[in-house]
Amino acid sequence: MIVPAMLDWSSIDTVLLDMDGTLLDLHFDSHFWLEHLPLRYAELHQLDPVEVRTWLHQRIMQEHGTLNWYCLDYWSQELQVDIVALKREITDRISFRPHVQDFLAAVQNAGMRSVIITNAHRGSLDLKLEHTDLGDRVDRIISSHDFQQPKEKAEFWDCLQDIEPFDPQRTLFIDDSLPVLRSAQRYGIRYLLSILKPDSQGEEKPNNEFMILDEFSEIIPKGVNRNV
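Keep in mind the model is a prediction, meaning the values are calculated, not measured. (Residues numbered from 1 in each chain as written. Predicted model: local features only at pLDDT ≥ 70, side-chain atom pairs only at ≥ 80, totals over all residues. Heavy atoms only, no water.)

Asks: Where do I start with the packing of aromatic side chains in this structure?
Replies: Pairs of aromatic rings are described using the distance from one ring centre to the other and the angle between the two planes. Summed over the entire model, instances satisfying the criterion amount to 11 aromatic pairs. Relative to Phe 216, the ring of Phe 103 lies with its centre 4.9 Å away and its plane at 50 degrees, an arrangement referred to as tilted. A residue pair is termed long-range when its members are at least 10 positions apart, and Phe 103 in helix α5 (residues 100-109) and Phe 216 in the segment after β6 (211-213) qualify at 113 residues. For Phe 103, a relative accessible area of 0% translates into the label buried. Each residue in the set Phe 147, Phe 156, Trp 157, Phe 166, Phe 173 and Tyr 187 is aromatic and connected to the rest through ring pairs, giving one cluster. Just above the ring of Phe 32 sits the side chain of Lys 87; from NZ or CZ to the centre is 4.8 Å. (Phe/Tyr/Trp six-rings, centres within 6.5 Å; stacked < 30°, edge-to-face > 60°. Helix = DSSP H or I, 4+ residues; strand = E, 2+ residues; numbered from the N terminus. Buried < 20%, exposed > 50% of the residue type's maximum accessible area, 1.4 Å probe, protein only. Lys NZ or Arg CZ within 6 Å of the ring centre and 35° of its normal.)

Okay, here's the thing in structure tokens:
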């Protein structure tokens, strides 16, 4: 189901936002893990790129749903390569998804609290902030690595509430991950939106569980001003 053209912004005080695949195009990350890393790993270790790609995908999937899945320190140690340095080789692929800047400006102008909550490791997060002005467009950015709990776990939300208090019934959360959205739903967050196409060069990801957002231009808040 596609999200309605308008949300009831008068009943929303806090906007929680995922980063990769939600605010930023997931293509950077998809290309890195599926194409660039296997190729560079094969070059560094003089191995067959096709075999490396298959092995690496299987190895990474073993950590799915855990904090290790997102941890660049973990993968740098496991693979004996500098993951952040390899990511720097393709920073030209870091980009906003359409209309994100307009949406964030409207949320800020309306006086609502905007907080990025991401599973991205600080090494990856810092790289994105170096190459975008994302940090200037929100009130706060929190990495799940600060809590040592991924967003998929209930403990993450308790930790978030401790340092960034919010009313779940007056909160909007947007994320491209269904397991994360389910976790937020169990915590009691009222307004939940999934992303139709996190990777601009990938496939659409429809679902029957949550309202789906195609482009942020569809939900830009209008006529709301809590600064008055």
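Asks: Whenever I open this one, the packing of helix α2 (residues 49-61) against helix α3 (residues 72-79) confuses me. Can you help?
Replies: Two numbers describe a pair of packed helices, the interaxial angle and the distance between the axes. Interaxial distance between α2 and α3 falls to 13 Å at its minimum, and their mutual angle equals 135 degrees. Taken together, α2 and α3 sit at an angle that is classed as oblique. Judged by the twist between their axes, the crossing of α2 over α3 is right-handed. Residue-level inspection shows Trp 55, Leu 56, Arg 59 and Ile 60 of α2 in contact with α3, the latter providing Tyr 74, Trp 75, Glu 78 and Leu 79. For the contact of α2 with α3, a count of residues per class yields 6 nonpolar, no polar and 2 charged. (Axes fitted to C-alpha atoms, helices over the stretch in contact; angles between N-to-C directions. Parallel < 35°, antiparallel > 145°, perpendicular 65-115°, else oblique. Left-handed = near helix turned anticlockwise from the far one by under 90°. Contact = heavy atoms within 4.5 Å. Nonpolar A, V, L, I, M, F, W, Y, C, P; charged D, E, K, R; others polar.)

Honestly, that's just the spatial picture; any functional story needs more than this.
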